[in-house]
Amino acid sequence: MADGAFGLSKELAEETAPVWEKVKDHVTPLEWPEQARLISEINRLKRERDAVILAHNYMTPEIFHGVGDYVGDSLGLAKEAARSDANVIVQAGVHFMAETSKILSPDKTVLIPDLRAGCSLASSITAADVRLIKERHPGLPVVTYVNTTADVKAETDICCTSANAVQVVEWAAKEWGVDKVILIPDEYLARNVAAQTTVGIIAWAGHCEVHKRFTTQDIADMRDAWPDAEVLAHPECPEEILRAADFAGSTAAMTEYVEQRRPRRVVLITECSMASNIKGDVPEVEFVGPCNLCPHMKRITLENIRDCLLHMQFEVTVPEEMLEKARLAVQRMIDLPPPSKPARYDLVKARHHVDVELI
Ligand code: SF4
């Protein structure tokens, strides 16, 4: 009987009210009744299937706040999944993230709601490419960004994220006793890391299609429109974007910056849903600026998460030999002491010669 808000039953309105509070700036009252029903159905199915949902920072707010058991960046999610007792992991994110979850939780069933959820960066490089790079630069360690497929990780010495890339590059150079490392596949991340270290970098011309679209003109326009706004950029953006920003760091570093400093206005130069999701926790901060959406992340919806749990589809597997090799590379990174705080990329203060060779 519909005697609660939005035409929902009293029980359903009460159950979903805390989620509505977090998403109400992004979801219309017209959309909410259907979303509230789906959120309730998904949460019931999770209990029945003994499943947890890993929701990436770039998911839409109704997924992030409504059904995510763990939320955050890709590696943080995979680590949480490995610690969880649940038998089933649903990856509300893209395919390489589901593979990383499988690599760290080989005994669990890993599902992705849409198998087409890919990534321009992950698909920019193949395992055969990595083997050729290694032939061309024998003896140099291969550091691979986690935004890669399992077969690429299997050719890798150690993985990194944008939160620890500088630390991992410096560790690898020291461990191998060399002054250069291969850091693939994101060219911009590699260039931004190179500006923070004296270790030479050999890079690959892969890009994130979302972060490469931002321009310095976008930032100038934002500053004209909102002179008091603080501009935060992700290190998958080109160097000139980071130079024009007030702060640059991983999604975790950006979240920490906003939560600790609570600026009045913020421009987040990253995937658009990130701002909507942080906003749920810091309602007093105003988020302004361009909205670049990742078409791959946006393939994941409440509907296909529900179907995924209902029909136990689509399972993501990694061949055993590949999984073992990839796990070594991911585990090596996890075993490094965690950075005291997520890395800040300061391109303005970078004074040394920046040594990057593009393959
Ligand atoms: S935002 Fe960029 S790096 Fe992330 S999944 Fe989309 S294309 Fe890949």
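As a starting point, this report considers the structure included with it. This is a predicted model, so every value here is computed, not measured. (Residues numbered from 1 in each chain as written. Predicted model: local features only at pLDDT ≥ 70, side-chain atom pairs only at ≥ 80, totals over all residues.)

Before going further, it helps to spend a moment on the site of the ligand. In the vicinity of the ligand there are 13 residues, among which C119, L121, C208, V210 and C294 approach most closely. By residue class, the composition of the shell around the ligand is eight nonpolar, three polar and two charged. (Near = placed C-beta within 6 Å. Nonpolar A, V, L, I, M, F, W, Y, C, P; charged D, E, K, R; others polar.)

For helix α2 (residues 32–49), spanning 18 residues, the distance from its first C-alpha to its last is 25 Å, which sits close to the expected 26 Å at 1.5 Å a residue. The set of residues buried in α2 consists of W32, Q35, A36, L38, I39 and I42. Angular distribution of buried residues about the axis of α2 spans 165 degrees; they occupy a single face of the element. Across from the buried face of α2, at angles greater than 90 degrees, the exposed residues are E34, R44, R47 and E48. Just past α2, the residue D50 takes up positive phi, approximately 55 degrees. (Helix = DSSP H or I, 4+ residues; strand = E, 2+ residues; numbered from the N terminus. Expected span 1.5 Å × (residues − 1). Buried ≥ 20, exposed ≤ 12 C-beta atoms within 10 Å, placed from the backbone. Arc of directions from axis to C-beta.)

Moving on, we get to the sheet that holds strand β13 (residues 356–358). Taken in spatial order, the five strands line up as β6-β5-β7-β8-β13 in an open sheet, and their pairing is parallel. If you trace the sheet from one side to the other, it starts and ends with β6 (158–160) and β13, each paired once. The sheet shows a mean angle of 30 degrees between the axes of neighbouring strands, taken without regard to direction. Taken together, the three bridges between strand β8 (residues 200–203) and β13 define a ladder with parallel strand orientation. Within β13, the residue paired with I202 across the bridge is E357. (Pairing = 2+ DSSP bridges. Axes fitted to C-alpha atoms, helices over the stretch in contact; angles between N-to-C directions.)

Relative to strand β11 (residues 265–269), strand β9 (residues 230–233) runs parallel, the two being bridged by four bridges. Across the sheet, residue A233 finds its bridge partner in β11, namely I269. As paired strands, β9 and strand β10 (residues 247–248) are joined by two bridges and run parallel to one another. Residue A233 lies in a different strand from β10, and its bridge partner there is A248. In this region the chain leaves β9, passes through helix α11 (residues 239–244) and returns to the parallel neighbour β10; the handedness of that crossover is right-handed. (Right-handed = clockwise from strand over helix to strand, strands pointing away.)

Spatial relationships are all this shows, so hold off on functional conclusions.
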